[in-house]
Number of protein chains: 2
Amino acid sequence: MYFIIKKDKLLEKLNIVAKAVSTKNLIPALAGIKFDLNDNGLFLTATDNDITIKAIINNDDIVSKKNNGSIVLPGRYILEIIRKCPDEDITFELIDNLKVLISTSNYKTNLNGIELSDYPNIELDENDNFVVLNSKILKNIINQTSFAVSLSEARPIITGVNFKIEDKILEVTATDSHRLSTKTVELIQSIQKPVNVTIPGRNINELKSILNDEDEIKMFFFENKILFKFNEILFQTRILNGNYPNTSKLIPVEFELAIKVGLRNLYDAVDRISLLSNDYKIKISISGNILTVSSTVIEVGNGEEKINIEKNNDINLEFTVNFKFLTDALKIIEDENIIIYLNGEDKPIIIKGENDNRLTELLLPILTN
Amino acid sequence: MYFIIKKDKLLEKLNIVAKAVSTKNLIPALAGIKFDLNDNGLFLTATDNDITIKAIINNDDIVSKKNNGSIVLPGRYILEIIRKCPDEDITFELIDNLKVLISTSNYKTNLNGIELSDYPNIELDENDNFVVLNSKILKNIINQTSFAVSLSEARPIITGVNFKIEDKILEVTATDSHRLSTKTVELIQSIQKPVNVTIPGRNINELKSILNDEDEIKMFFFENKILFKFNEILFQTRILNGNYPNTSKLIPVEFELAIKVGLRNLYDAVDRISLLSNDYKIKISISGNILTVSSTVIEVGNGEEKINIEKNNDINLEFTVNFKFLTDALKIIEDENIIIYLNGEDKPIIIKGENDNRLTELLLPILTN
C-alpha cells in the first residue's frame, strides 16, 4: 500500500468514519479504522458492531498511488495525527505489512497496525426495499423525534426511534412513556414492502451528525439492520428487537378545549418560571383569555407569568407538567403559534404548530393529588 | 427597599459579583448576594471569605427608587432570575424585610432573603500603598504567569502568583518547581513601601475574568490582603502566608548555546509529535542547523519533525522535556521568533521572545538516565 493524498480529503472522511470506532476496549480490532487501497480508491471502515461506517475516497481525490493493500490503524491515533498534520500532501506507505510510515516534507511518523485478520468482515450490500429521502428532511425528522426516546434500558424497544413506512407514508415516532413525538412525511416513491423498524436513539443521532444538507439519502431496509447510503458514505445500524408500541391509539382525536398561544412567549415564560420549580413541576392555568405559568419552591420562593391566548370555547382548566418535556416539545416546533389541545387536568396534552399537522407532540400531565 | 432598574445594568454587575458567591455550603449567608440600596446607589456584595467583590450601580443607572434598605438574596437564584427576566425595567420591592417581589409587566417572582444579620461585614477601605495599572497590562501579566502555578497543596505558597514591587519595578512570578514564568513591568508611579505578596492562583484568575480592556486599576496593598479598584468595582483577595522562594537565582545568566527558532513552527511540531508520547515526554535534539522534535510510544509508534534554526555556536545538544510545559510557555510568548538558551541536557532551559526581555520562561528538563 502506497498513496499520496491531500490532508483535507482524508480528514473529512476520517472524521466521519471515526464515529463508528468502538470506545469500549472489549475487542481491540474495533478500536481501529481499516484502510483498503484498491483499484477503485481508498476505502475507510470502522465498526463497533452496533453501527458500521464505510467512506470511499475516489481515485480522483488521491494524488498518486502505487500498490494496493490493507491495514487497520488505531482510530484514536490516526485521526489525531491527520488532524494535526501540516496542511500538505500526505504520503502513506505500508511497511512489512505491520505499520505505516506517514510523512510530509518535514514530518514523519510510524504507526503500528492492528492485526488485520481480527477485523470483522461486515456486509454492506444494498437490496430492493428502500426509500429515498432528502438530507434536510431526514435531519429534521431526527431532530423532531429522537429527543423523546427513553434513556432507561428497562424497556429497550422505546430507547429507539420507530420508522413505519407503508406505500408513500413515513411515520417516525419516539416516546419515553411520559411524552411522545411523532412526525409524518410523504415520500417521493412508494416502498416495496411495508416496514416497521426501531433504530437505537444513539445510532440515529450519529447518523444525523454526519449528514450534509445537500445529500440525497437511500435507506435500505433488512430484517435486522438498515443501510443508509449517501455521498460516498455507507452507514449501517442494527435495529432493536421487539414490537414498538402502537402509539397512534394514545393520541386523542377529540378535545374539550383548544388554545392558541405564541410559541416564543410560552417558551420564555416556562424557561423563567422553571427556575423556581420542584421536581421539574410547573403549573399551567387557563382562565378566560389568560394562560398563567406558575411554580413554587417552598423555602425559596415562587413565580408566575401571564400570557394572552385565544380559545375555542369558555372552558377553564389547569394542569401540572414537566417543564423539561414542555420546553423540549416547544423547541422543535417551527411555527410562530402553537395550538394546545386539552381534555381535563389528568388527560394527555397535545401540542401542534398552528400550520403544521404533520408533527404531533404529546405530554402526560403530572398528577398532583 | 424599592427600586426600578434596567435589566442590562443590573445583570452586568450581578454577573461580576456572582463570581465571589461561595459554592461551598458551610456558611449559608455566603451563598447570597447582598443588595444595599442607599442614597449613593445600589451596592451589590458577595464574598466566600477568600475573595470579596462589591459592585456599585450609581443613581444615574437606577430608573427610580423610593426606600433605602438591604437584603441578602440567594446568589444562584437571583442571577438566573435576572438573566432570564424579560428585557424590560425590573421592579424590586422589599416585603416584610424577609423577601423581595421582583416584577416586570407580565412576570413576577417572590424570592426569600437569607438572614441579613448573618452576613459578614467585610472592610474594603483604600490605603496609601498602591500602584496604578492599565487593565490590558494587568490581564497580560496574569495570562503570562498564572498558568505556571502549582496545583498541589503540598507547598501552598507556590499555588499563588507572586507580585514583587520596588520603586517603579513590578516583577510577577509563578512556578510549580518544574517550570517558571516571570514578567517584569515598569510602573508609571513608584510605590511608597516595597511589597512582596503572593495571590492565590484561582483568585487572580477570577480577577482577570472581570477586567475590561479599558479599565484603569488601582491596586492597594495591605498586610494580609490586596484590594483592586476599577470601574465601580472593588475586588479584594487574601494573600498567601509564607515567603515566596527567591526564584531569581534559579535563572542562569550564562549559556553554552542560544538558538533562534520560529515560534509557530516549534509549537506546531511539538503539538504533532506529542500525539505519540509517554508521560508527556518529548525529545529535542539540536544538530547543525536543525532542531528535531521526536517521541515514541512503544507498541504504538513514533514520530519526528525537523525545523531549521539559527545558532550562536557549533555546539550540539539534546534534552527531554514535558511537552505540556513547553507548549504552555510557547502559547504566551508574543514574538514571531523565540530564543532558547541552553547549558547541557540536565540544566534549566530558558525561553524568551526574540524582542522581549521582560518575559522569561524556565523549564527543567526531564532526566532520562
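What you are looking at is a predicted structure, and each value in this text was computed from that prediction instead of being measured. (Residues numbered from 1 in each chain as written. Chains lettered and ligands numbered in written order. Predicted model: local features only at pLDDT ≥ 70, side-chain atom pairs only at ≥ 80, totals over all residues. Heavy atoms only, no water.)

Moving on to the overall build of chain A. Each helix and strand counted, chain A has 6 helices and 26 strands in total. C-alpha atoms of chain A, sized along the principal axes, occupy 80 × 50 × 35 Å. When the 369 residues of chain A are sorted by exposure, 54% land in the buried category. If you take every contact in chain A between residues at least 6 apart in sequence, the share linking residues at least 24 apart comes to 65%. For chain A, the accessible area works out to roughly 17,300 Å², and carbon and sulfur atoms hold 44% of it. On chain A, the mean spot of the 42 positive side-chain charges and the mean spot of the 53 negative ones are 3 Å from each other. (Helix = DSSP H or I, 4+ residues; strand = E, 2+ residues; numbered from the N terminus. Buried < 20%, exposed > 50% of the residue type's maximum accessible area, 1.4 Å probe, protein only. Contact = heavy atoms within 4.5 Å. Areas by Shrake-Rupley, 256 points an atom, 1.4 Å probe, with all protein chains shown as cover. Lys, Arg positive; Asp, Glu negative; His and termini not counted. Charge placed at Lys NZ, Arg CZ, Asp CG, Glu CD.)

Turning to the environment of B:Lys54, a few remarks are in order. All names here are of chain B. Relative to the helices and strands, Lys54 is located in strand β4 (residues 51-58). With a relative accessible area of 23%, Lys54 lands in the partly exposed category. Spatially, the C-alpha atoms of Lys54 and Ile16 are 8.8 Å apart, while their sequence positions differ by 38 residues. If near-sequence neighbours (up to four positions away) are discounted, Lys54 is found in contact with Phe43, Leu44, Thr45, Leu124, Glu232, Ile233 and Leu234.

Right, let's talk about the relation of the copies chain A and chain B for a bit. Screw-axis analysis of chain A against chain B gives a translation of 0.0 Å along the axis, an RMSD of 0.0 Å, and a rotation angle of 180 degrees. Taken together, the turn and the small shift mark the pair as related by a two-fold rotation axis. Taking C-alpha positions as reference, the residue of chain A nearest the rotation axis is A:Ser209, located at 17 Å. A high fraction, 100%, of the interface residues of chain A reappear at the interface in chain B, so the copies pair face to face through one surface. (Least-squares fit on C-alpha atoms with pLDDT ≥ 70 in both.)

Residue and element names in this part refer to chain A. Overall, the coordinates contain 4 cavities of 30 Å³ or more when judged by the stated rule. The space that makes up the largest cavity amounts to roughly 50 Å³. The wall of the largest cavity is formed by Leu266, Ile284, Leu291, Phe319, Val321, Leu326, Ile340, Ile349, Ile351 and Leu363. Among the secondary structure elements, those contributing two or more residues to the lining of the largest cavity are β23 (317-322) and β25 (349-353). Of the residues in the lining of the largest cavity, the class split is 10 nonpolar, no polar and no charged. By volume, the second largest cavity amounts to about 40 Å³. Tallied by class, the residues present in the lining of the second largest cavity amount to 9 nonpolar, no polar and no charged. (1 Å grid on protein atoms, 1.4 Å probe; cavity = no way out; pocket = protein on both sides within 12 Å on 5 of 7 lines; lining within 4 Å. Points joined across faces, edges and corners; volume = space filled by probe spheres on them. Nonpolar A, V, L, I, M, F, W, Y, C, P; charged D, E, K, R; others polar.)

Attention shifts here to a negative patch on the surface. The grouping of A:Asp8, A:Glu12, A:Asp87 and A:Glu88 at the surface amounts to a negative patch. Position of A:Asp87 among the secondary structure elements: in the loop between α2 (75-84) and β7 (89-95). (Patch = residues over 30% accessible without salt bridge, like charges linked within 9 Å, V, L, I, M, F, W, Y side chains within 5 Å. Salt bridge = Lys/Arg side-chain N within 4 Å of Asp/Glu carboxyl O.)

Looking now at the sheet that holds strand β24 (residues 337-342) of chain A. Residues and elements named next belong to chain A. In space, the 9 strands of this open sheet follow the order β14-β11-β12-β13-β26-β25-β24-β18-β22, with antiparallel pairing throughout. The sheet is open, and its two edges are formed by β14 (195-200) and β22 (310-311), each paired on a single side. For strand β11 (residues 160-166) and β14, the ladder comprises 6 bridges, and the chain directions are antiparallel. Counterpart to Asn162 in the pairing with β14 is Thr198. (Pairing = 2+ DSSP bridges.)

With that out of the way, let us pick up the interface of chain A and chain B. Taken together, the contacts link 26 residues of chain A with 26 residues of chain B. Here chain A meets chain B over a buried area of about 2,500 Å², counting both sides, of which 54% is carbon and sulfur. The residue A:Lys84 makes a salt bridge to B:Asp271 at a minimum N-O spacing of 2.8 Å. Where chain A meets chain B, there are 16 residue pairs in polar contact (both at pLDDT 80 or more). For the side of chain A that touches chain B, the elements supplying multiple residues, two or more each, are α2, β9 (107-112), α5 (263-273) and β21 (301-308) of chain A. (Buried area = accessible area lost by both parts, 1.4 Å probe. Polar contact = N/O pair within 3.5 Å; in protein donor to acceptor, adjacent residues only side chain to side chain.)

Take the confidence of the model for chain A next. Taken over all residues, the pLDDT of chain A has a mean of 96, while the share at 70 or more is 100%. Confidence estimates for the predicted assembly give a pTM of 0.93 and an ipTM of 0.90. (pLDDT = per-residue confidence, 0-100.)

Quick look at the pattern of salt bridges now. Residues and elements named next belong to chain A. On inspection of all chains with the given rule, the structure shows 43 salt bridges over all chains. Residue Lys139 pairs with Asp213 through a salt bridge whose shortest N-O separation is 2.9 Å. Of the two residues, Lys139 sits in helix α3 (residues 135-145) while Asp213 sits in the loop between α4 (201-210) and β15 (216-221), which places them 74 residues apart along the sequence. Taking relative accessible area as the criterion, Lys139 reaches 23% and is therefore assigned partly exposed. Here the salt bridges do not stand alone but share partners, grouping Asp48, Asp50, Arg202, Glu206 and Arg238 into one network.

Moving on to helix α6 (residues 323-331) of chain B. All names here are of chain B. Across the 9 residues that make up α6, a large majority, 7, are buried. Taken together, the buried positions of α6 are occupied by Phe323, Phe325, Leu326, Thr327, Asp328, Ala329 and Leu330. The N-terminus of α6 is capped by Asn322, whose side-chain oxygen sits 2.8 Å from the backbone nitrogen of Lys324.

Once that is clear, we can look at the nonpolar core. Membership of the largest hydrophobic core comes to 109 residues, with the highest contact counts inside it found for B:Phe35, B:Phe92 and B:Phe228. At 6 residues, the largest contribution of residues to this core is made by α5(A). Not counting residues up to four positions away in its chain, the partners in contact with B:Phe92 are B:Met1, B:Tyr2, B:Phe3, B:Leu10, B:Phe35, B:Leu73, B:Ile78, B:Ile82, B:Val100, B:Leu101 and B:Ile102. Counting 108 residues, the second largest nonpolar core, distinct from the first, contains A:Ile102, A:Leu207, A:Leu211 and B:Ile259. (Core = buried A, V, L, I, M, F, W, Y, C linked by side-chain atoms within 4.5 Å.)

Here the focus is the packing of aromatic side chains. Tallied over the entire structure, the rule returns 12 aromatic pairs over all chains. With a centroid separation of 5.6 Å and 25 degrees between ring planes, the pair formed by A:Phe35 and A:Phe92 is classed as stacked. Within this pair, whereas A:Phe35 is found in strand β2 (residues 32-38), its partner A:Phe92 is found in strand β7, the two being separated by 57 residues in sequence. Classification of A:Phe92 as buried rests on a relative accessible area of 0%. With 5.3 Å between their ring centres and 45 degrees between their planes, B:Phe130 and B:Phe220 make a pair best called tilted. Of the two residues, B:Phe130 sits in strand β10 (residues 130-134) while B:Phe220 sits in strand β15 (residues 216-221), which places them 90 residues apart along the sequence. Here the aromatic cluster, defined as three or more aromatic residues joined through ring pairs, consists of A:Phe3, A:Phe35 and A:Phe92. One residue, B:Lys66, lies across the ring of B:Tyr2, its end atom 4.3 Å from the ring centre. (Phe/Tyr/Trp six-rings, centres within 6.5 Å; stacked < 30°, edge-to-face > 60°. Lys NZ or Arg CZ within 6 Å of the ring centre and 35° of its normal.)

A common way to state how big an interface is: give the accessible area lost once the parts meet. Residues and elements named next belong to chain A. Per the domain assignment, the segments of chain A are domain 1 (2-118), domain 2 (130-248) and domain 3 (251-363). Distance from the C-alpha centre of domain 2 to the C-alpha centre of domain 3: 28 Å. At the junction of the two partners, domain 2 supplies 14 residues and domain 3 supplies 12 residues. Taken together, the two surfaces of domain 2 and domain 3 that pack against each other cover about 1,200 Å², and 49% of this comes from carbon and sulfur. Looking at the side of domain 2 facing domain 3, the largest losses of area belong to Gln144, Arg179 and Leu180, adding up to 37% of the total buried there. For the pair domain 2 and domain 3, the interface holds 1 salt bridge. The closest approach of N and O atoms between Arg179 and Asp328, which form a salt bridge, is 3.1 Å. Where domain 2 meets domain 3, there are 7 residue pairs in polar contact (both at pLDDT 80 or more). When contributions to the side of domain 2 that touches domain 3 are tallied by element, the ones reaching two or more residues are α3 and β13 (179-186). It is β13 that contributes the most residues to the side of domain 2 that touches domain 3, 6 residues altogether. (Domains from an automatic or database assignment.)

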